[in-house]
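Summary of structural features
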Amino acid sequence: MSQTSAPPPPVPPVPPVMKRSMLAPHGPVLRPQYSQEEEWEEFCERTDTSKVHDFGRYWWTYGRDEDDDGFLREAVFLEIPVRKDVEARQVKADLSMRRLNIKVNGESILEEEFEDPKWLNVSESYWELEVKEVKKVRRKVLRYVLYIMMECPKYITRWLFLCEKTEDDGRLVDQIDEEEDHIDDRLRMIAKMKEPEPYRDADIWFSETEEEEERWCDGCGSTRVVVMRRGTDEHYMKYCNDCPFVSPAKENPLPTGLMKQKDIDEKRARKARLKARKAEAKRRAEAEKEKNAPEPDRSEEVPADYNKSEKTRMYTEEEFHDVLTQALKSGEIKW
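Notes on the structure follow. (Residues numbered from 1 in each chain as written. Predicted model: local features only at pLDDT ≥ 70, side-chain atom pairs only at ≥ 80, totals over all residues. Heavy atoms only, no water.)

Moving on: the nonpolar core. The biggest cluster of nonpolar side chains holds 27 residues, and the ones touching the most others in it are Leu78, Leu100, Phe114, Trp119 and Leu160. Elements represented by at least two residues in this core include exactly strand 2 (59-66), strand 3 (72-82), strand 4 (91-95), strand 5 (99-104) and strand 8 (137-147). Setting aside anything within four residues of it in sequence, one finds phenylalanine 114 in contact with Leu95, Ser96, Met97, Arg98, Arg99, Leu100, Trp119, Leu120, Leu146, Leu160, Phe161 and Leu162. (Core = buried A, V, L, I, M, F, W, Y, C linked by side-chain atoms within 4.5 Å. Buried < 20%, exposed > 50% of the residue type's maximum accessible area, 1.4 Å probe, protein only. Helix = DSSP H or I, 4+ residues; strand = E, 2+ residues; numbered from the N terminus. Contact = heavy atoms within 4.5 Å.)

The side-chain alternation of strand 12 (residues 237-240) yields two buried faces, one formed by Met237 and Tyr239 and the other by Lys238 and Cys240. Across four bridges, strand 11 (residues 225-228) lies against strand 12 in antiparallel orientation. Within strand 12, the residue paired with valine 225 across the bridge is cysteine 240. Alignment of strand 12 against strand 13 (residues 246-248), held across three bridges, turns out to be antiparallel. Residue pairing in the sheet places tyrosine 239 in a bridge with valine 246 of strand 13. Where strand 12 folds back on strand 13, the antiparallel hairpin that results is connected by five residues. (Pairing = 2+ DSSP bridges.)

This part is about helix 5 (residues 317-330). Helix length check: helix 5 (14 residues) gives 20 Å between terminal C-alpha atoms against 20 Å at 1.5 Å per residue, within 8%. The first or second residue beyond helix 5 is glycine 331, which carries a positive phi of 90 degrees. (Expected span 1.5 Å × (residues − 1).)

Turning next to a nonpolar patch on the surface. A cluster of nonpolar side chains, contributed by Tyr315, Phe320, Val323, Leu324, Leu328 and Ile333, occupies part of the molecular surface with about 490 Å² of accessible area. Note on placement: tyrosine 315 falls in the loop between helix 4 (256-292) and helix 5. (Patch = residues over 30% accessible without salt bridge, like charges linked within 9 Å, V, L, I, M, F, W, Y side chains within 5 Å. Areas by Shrake-Rupley, 256 points an atom, 1.4 Å probe, with all protein chains shown as cover. Salt bridge = Lys/Arg side-chain N within 4 Å of Asp/Glu carboxyl O.)

Next up on the list: the packing of aromatic side chains. A complete count under the given rule lists seven aromatic pairs for this structure. A centroid spacing of 5.3 Å and a plane angle of 85 degrees characterise the contact between tyrosine 58 and phenylalanine 161, whose relative ring orientation is edge-to-face. Of the two residues, tyrosine 58 is situated in the loop between strand 1 (53-54) and strand 2 and phenylalanine 161 in the loop between strand 8 and strand 9 (167-168); the sequence distance between them amounts to 103 residues. An identical accessibility class is assigned to tyrosine 58 and phenylalanine 161; each is buried. (Phe/Tyr/Trp six-rings, centres within 6.5 Å; stacked < 30°, edge-to-face > 60°.)

So, on to the sheet that holds strand 13. Sheet strands pair via backbone hydrogen bonds, and the direction of the pair is either parallel or antiparallel. Across the sheet, three strands lie side by side as 11-12-13; this open sheet has antiparallel pairing. Looking at strand neighbours, the two that pair on one side only are strand 11 and strand 13, the edges of this open sheet. When strand polarity is set aside, the average angle formed by the axes of neighbouring strands in this sheet is 25 degrees. (Axes fitted to C-alpha atoms, helices over the stretch in contact; angles between N-to-C directions.)

So, about a negative patch on the surface. There is a patch of like negative charges on the surface, built from Glu317, Glu318, Glu319 and Asp322. Along the chain, glutamate 317 falls in helix 5. For glutamate 317, a relative accessible area of 68% translates into the label exposed. (Lys, Arg positive; Asp, Glu negative; His and termini not counted. Charge placed at Lys NZ, Arg CZ, Asp CG, Glu CD.)

Right, let's get into the pattern of salt bridges. Side-chain pairing between opposite charges can occur once the charged atoms of the two side chains come close. This model, assessed by the stated rule, comprises 25 salt bridges. Lysine 192 is the partner of glutamate 39 in a salt bridge, and the nearest nitrogen-oxygen pair spans 2.6 Å. Pair noted here: glutamate 39 is in helix 2 (residues 37-46) and lysine 192 is in helix 3 (residues 183-192), with a separation of 153 residues, a long-range link. On the basis of relative accessible area, glutamate 39 is assigned to the partly exposed category, the value being 31%. Where aspartate 242 meets arginine 224, a salt bridge forms, and the shortest distance between an N and an O atom there is 3.0 Å.

Right, dumping it as structure tokens:
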């Protein structure tokens, strides 16, 4: 009688979208060498998901949304302000791979063509109405979640609609020589980054010094020199074997590794001070602009108790009896 071994437990499959999401670095996680810091900061700024692309009549961001199964899906969040009395039954949205047309009460509020027609998952994208604060005004907005196809290698971080490629400083934006944001480009950028050298403490004195010793004669240029200090010399001198020229040797108070580390620390400190000054100037400019800004238009502001009817109300026994009696008399409840 042969004994059959129990089959191994089934392994749940990993959704492809999660594999794609793991290849998407969001945020400055790495810390490369000093010579690559500016390139890495530019890359992080370009791929920042918190950046809002505001075009007045609509704005959009790129990020992740949790679907019905609990998985994170990469999507574009498009928001369009609407009138405060608009209801969901009055909205008609026509979405395709190439264009988006949204009408409210038969009037078109957005009709645009997408810049790239190959990334959109039409069947799973959806829209909803919500109330949020827009420029200090409580507005009702139409929020459209545009899901990205699982097999699409592109990230929507630059343009969404074709109308956004307008003229900039007398030059067409589509003439700018810049590559699109793809998974392969992000992986190449991450692979190109190099880790900084280990930070040496002040009591560690080992380092390579050959490249800093300047082992050549200052008179004839010969490399047959001897660096030494005789009894009558006050400092280390370079003695040439091909000519009688003698010159003082280069001396550093610290070894090469610590000298480079000190120089990088000084450059980073200067960069940090410059960033702080720019941030302070930007903060003051925004504060001045906000101070001089006119009062926002509140004609379409939603009242604070817009969802009062949706909240659960607590009644005492007498209040519940009165409300129930009034509803029976008015015909709202038929006994």
